[in-house]
Amino acid sequence: MKKTLTREEIDKLAKLSNLTLSEAEMTKIGSQFEETIKYVENLNDLDTSQVSNITNVTGQENKFFEDGTENKRLFTQEQATANSNCKKNGLFVVPKVFK
Amino acid sequence: MTQSYSPVIGLEIHVELSTKSKMFCQCSAEYFGKEPNSNTCPVCLGLPGALPVPNRVALDWCIKIGKALNCTINVSTKFDRKHYSYPDLPKGYQISQYDEPVAINGSLKVGEKTFGITRVHMEEDTGKLLHVGEDSLVDFNRSGVPLVEIVTEPDFTNSDEVKEFLQELHTIIRYLEVSDADMEKGSMRMEPNISLRVVGDQKSDVRELPNYKVEVKNINSFNFVKKAIDYELTRQAEILDQSKTPEQETRGYDEKTMKTVSQRSKEEAHDYRYFPEPDIPPFVFEQKFIDSIALPELPTAKIDRYVKELKIKEIDARILTKDFELVKYFEKVVELSDLEPQKIANLVINSKLATNVSIEEFISQATKLLSTKKTDMPTLMLAIKKVIAENSDVVTNYKAGKLSSLMFLVGQVMREMKGQAEANLIKDKLVEAISNS
Amino acid sequence: MNLIGKSLLELKGMVEKKQISHAELWKFFSDRVEKYDKALNCFVTPPSKEGTGLAQNGAEGFPIAFKDNFNTKGIRTTASSKVLDTYIPPYNATVVEKLLGMQFAVFGKTNMDAWAHGSSTETSDYGPTNNPWDVSRAAGGSSGGSAAATAAYLVPAAIGSETAGSIRQPAAWCGLVGLKPTYGRVSRYGVIAMGSSWDCPGPITRTVEDAAYLLEIIQGEDPYDATTLPAGNSKYEIRKTKKMRIGVCKDYLENIDPDIQKRFDETVEILKKLGHEIIPVTLISPKYSISVYTILQRSEVSSNLNRYDGVRYGKDRTFFGEEAKRRIMLGTYSLSHGYYDAFYKKAEKVRQLIIQDFESAFQTVDLIIAPTTPLTAIKKGEFEKYPFFGEVMDVLNEPAAAAGIPAINVPMGLDSQNLPIGLQFMAGRLQEEKILSIAYQLEQETNFMGVREALLKRYE
């Protein structure tokens, strides 16, 4: 398993994660990555060939709510937009995107 | 040398369900026309700490759609997170399904051809991104509405097939009563993936797919389906003629120019980083539960029954069964009257009678109209002659001005005709006969 | 009236008997916050000083502090990150609702590692929380503020949350009872998500009975959280002195501080004296839990933090701190195409092994005892040396977290540096009564070796 990440790979990861990293952060995180990945490879010590399909940690299944249940959490437009500092006519203003 | 090409088209269709609640919260799924951001809660707004809980009916309806498309319904199914960043996606991921969808391996026969259905799965809708002047704005009223995604095999070879398929699918969805499936309102959306295969190329296996495909978005009505696909096929052929390969990308259909326009490159396949949704335990269905999800009689079966049992001409059966509301009305009329189904069909198809009246009213009007056509004139004239002869004193009274006498005579003729003539017709003929006598 | 050191239940009793009012209690604790919090920095949003705090319906309420990752309607909630510096929730977490319904009120929001990423409360964007035992040391994390405030008696008890150690570890470093319930026992609705399949809200208290009392209030199946358990409501009869079989696994005793080892051995003797049976057990080594936890938690973190884009609330992603960025990046990596099978899927499978491992161990024992941490409170700044500090420091807490089983920290005296030592008990899923009962027995027998009183002498 490859341990060293190229600068290009870190760039790509940052893009996927929607993050901007400074030069210093790129270098630091890059090297720490390697240490972490090296450590977690110890999982290969353990044989998991007999482990069946993963289920939820609680082992539960089939949890739902019934369609049409009363909505006790509805926000007014005021409440929904209260925490935004970029709104117009009840809509959230976002950075311009191409259609 | 120009090569010849064979289109390879697959479809991705999204159907917005008409449940009462959204997919993962109790906000109303009816968001159309509401004030912006007035139909949200912590869950569909993607607030910190909010959690999704699935809507049971939405899942049932997804199974219903899968069954109607002859799919295998998976006994185990689960939700997964699909990650990408876009302003209308509040959580930065969409809760969808990846490797264990609700339904797989189905098919739909349209006309003579059968098209493969790869999968049918459940997911949530995004908010709505609007462009107003310089601004990009988002309304989350629609965020979280249940969406069923239907993916077909790349079995389509021309735009007519696609259009017919979509119309049939639209009809089926209406029959299931799970959605309006209205392309203009956005409750049914369609994106074709289009490419061209070079025909007669000895090297390429006819079963191999071309090494690129173009996704076309923003086709907002049935009418544009054919135009958009045909434009795209021509565009791609021109590129291939130059021995180049069309770029793998997403394009948008522009209604005004009637062309497809490049949007963003798809050359780098999205890395959606799917993983099982930890906030929602998986589903395991008992087979008898899956079996219990009832389907109504679907168009194909209905046409068959109309032809074989109701003795309706196939072409008429096809027309009738396209509209589910009409079908319901028609079948009620057939059930409650003893009029001949083909005759009722004729009345409806040829617009001889309106169907926006009550069933009883329709039956009454239909009965009149139909019995009028059945009147045998010689028999009627004989009956009138007989009644005049047997009721000469009543005739005299009528001639003297007693109108009620006429009604009596009409009644007598009706009895003679055993209901096979309509009152107004009888009256007219009687008056004629009496004045001629 | 000298209230210092009284348990939550004692104070509640006094309120019921009309010996003291909510308002007087509020003032008492507010004054202490005023006096001591500058040196400790327990609160991101201190309790309102104007009058009392308000419970439901505007009534006065009993003071309880909440870690700042619990959405509290109308009260700023930051998860100790500048990204949410201005976020004022329009809704309450279920845990908050339940407590408000029992006449509690929000007595401030406590400091934590930003986004709960850490085991020392040093990654907070609002400064670290200092350990009340020695302010040059970390209070532990990520629920450091809740622990420090409760230990120094700035509040009678606090609610924290644990992903893997974030309740037990600060409780250990501050000398308190810290309870991590069974995953699914307490609703996560309204708790800012870190590791969705790991997060457990839970109480940090001075006494075992306080922890049991609070658990009974906050537990239960929630229609807003599909991972909560139908069997989630229980009554805890912790005064029953049942004799139990207690497992010891030597892997959990590797590389721990000699003082902690010594106290561990002493405690084992006490338990024997109380009539319990000590049985050696074999478990999968905790070092694998570090890997499982690092991969799965960071994967879930990278996903859960995707919603913070500054559009609907808070600030944009440039306000994320370094630790958050580091964890997001590794999480994205583990989930990305080509690496998913090797990392995420493999870790999920090992997690199943750990779950099965505990299930089989609990066939032969009722409880497992271990130290909570390998070291007592460390100096601030030490964490910078490690690339995955949090995960390494919580090695002894990660197995129980991975398995979703309940565990409790019990403060057992001080070490040679006068810092609290914490030991823990783990039990099978939904067996909180067992760990609460054994903790209660130790409390009755040893008074936790005077830990609680020792600190209060310095915080009069």
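Residues numbered from 1 in each chain as written. Chains lettered and ligands numbered in written order. Predicted model: local features only at pLDDT ≥ 70, side-chain atom pairs only at ≥ 80, totals over all residues. Heavy atoms only, no water.

A look at the overall build of chain B
When you go through chain B residue by residue, the secondary structure sums to 13 helices and 16 strands. Against the 2.2 N^0.38 benchmark of 22 Å for 437 residues, chain B shows a C-alpha radius of gyration of 31 Å, more extended than a compact globule. Seen through its C-alpha atoms, chain B measures out along the principal axes to roughly 100 × 65 × 50 Å. Across the 437 residues in chain B, those meeting the buried criterion constitute 53%. Look at the contacts in chain B between residues 6 or more apart in sequence, and 69% of them connect residues 24 or more apart. When the accessible area of chain B is evaluated, it comes to approximately 20,300 Å², of which 51% is carbon and sulfur surface. Where the 57 positive side-chain charges of chain B centre and where its 67 negative ones centre are 6 Å apart. (Helix = DSSP H or I, 4+ residues; strand = E, 2+ residues; numbered from the N terminus. Rg over C-alpha atoms; globule rule 2.2 N^0.38 Å. Buried < 20%, exposed > 50% of the residue type's maximum accessible area, 1.4 Å probe, protein only. Contact = heavy atoms within 4.5 Å. Areas by Shrake-Rupley, 256 points an atom, 1.4 Å probe, with all protein chains shown as cover. Lys, Arg positive; Asp, Glu negative; His and termini not counted. Charge placed at Lys NZ, Arg CZ, Asp CG, Glu CD.)

A word on the sheet that holds strand E4 (residues 80-83) of chain B
In a beta sheet, neighbouring strands are held together by backbone hydrogen bonds and run either parallel or antiparallel to one another. Strand order in this open sheet of three strands is E5-E4-E15 (chain B), and the pairing throughout is antiparallel. The open sheet has two edge strands, strand E5 (93-96) and strand E15 (275-276) of chain B, and neither has a second partner. Bridge analysis of E4 of chain B against E5 of chain B gives four bridges, and the strand direction is antiparallel. By the bridge assignment, Asp-80 of chain B is partnered in E5 of chain B with Ser-96 of chain B. Against the sheet, helix H8 (residues 286-304) of chain C contacts E4, E5 and E15 of chain B, and its axis sits at roughly 60° relative to E4 of chain B. (Pairing = 2+ DSSP bridges. Axes fitted to C-alpha atoms, helices over the stretch in contact; angles between N-to-C directions.)

Examining the nonpolar core
Counting residues in hydrophobic clusters, the biggest one holds 275 residues, and the most contacted among them are Phe-165 of chain B together with Trp-115 and Phe-425 of chain C. Looking at this core element by element, the count peaks at 10 residues for helix H10 (residues 341-364) of chain C. Taken together, domain 1 (5-292) and domain 2 (299-370) of chain B each give at least three residues to this core, which thus spans both. Leaving out residues up to four positions away in the same chain, Phe-425 of chain C has contacts with Ile-246, Leu-271, Leu-367, Ile-368, Ile-369, Pro-406, Ala-407, Ile-408, Val-410, Ile-435, Ile-438 and Leu-442 of chain C. Counting 18 residues, the second-largest nonpolar core is a separate cluster that includes Leu-380, Val-394, Ala-421 and Ala-433 of chain B. (Core = buried A, V, L, I, M, F, W, Y, C linked by side-chain atoms within 4.5 Å. Domains from an automatic or database assignment.)

Focus on the domain arrangement of chain B
Often, the extent of an interface is quoted as the loss of accessible area on bringing the components together. For chain B, the assigned domains read domain 1 (5-292), domain 2 (299-370) and domain 3 (377-436). Placing a centre on the C-alpha atoms of domain 1 of chain B and another on those of domain 3 of chain B gives a separation of 68 Å.

Observations regarding the pattern of salt bridges
Two side chains bearing opposite charge may form a pair once their charged atoms approach each other closely. For the structure on display, the rule yields 61 salt bridges over all chains. Of the charged contacts in the structure, one is a salt bridge between Arg-189 of chain B and Asp-125 of chain B, with a shortest N-O distance of 2.6 Å. A residue pair is termed long-range when its members are at least 10 positions apart, and Arg-189 of chain B in strand E11 (residues 188-199) and Asp-125 of chain B in the loop between strand E7 (113-124) and strand E8 (128-132) qualify at 64 residues. Judged by its relative accessible area of 5%, Asp-125 of chain B is buried. In this structure, a network of salt bridges that share partners links the residues Lys-28 of chain A together with Glu-322, Glu-323, Arg-326 and Arg-327 of chain C. (Salt bridge = Lys/Arg side-chain N within 4 Å of Asp/Glu carboxyl O.)

Looking at the confidence of the model for chain A
Model confidence for chain A is summarised by a mean pLDDT of 89, while 92% of its residues fall at 70 or above. Here helix H2 (residues 23-40) of chain A is the element of chain A with the lowest mean pLDDT, 87, and helix H3 (residues 77-81) of chain A is the one with the highest, 97. (pLDDT = per-residue confidence, 0-100.)

Notes on the interface of chain A and chain C
The partner chain C presents 55 residues to the 46 residues of chain A that form the contact. Here chain A meets chain C over a buried area of about 4,800 Å², counting both sides, of which 64% is carbon and sulfur. Sorting the residues of chain A by area buried against chain C places Leu-43, Val-57 and Asn-83 of chain A first, and these three jointly supply 15% of that buried surface. The interface formed by chain A and chain C holds three salt bridges in total. With a shortest N-O distance of 2.9 Å, Lys-63 of chain A and Glu-221 of chain C are connected by a salt bridge. Listing elements by their share of the side of chain A that touches chain C, those giving two or more residues are helix H1 (7-16), H2 and strand E2 (91-94) of chain A. (Buried area = accessible area lost by both parts, 1.4 Å probe.)

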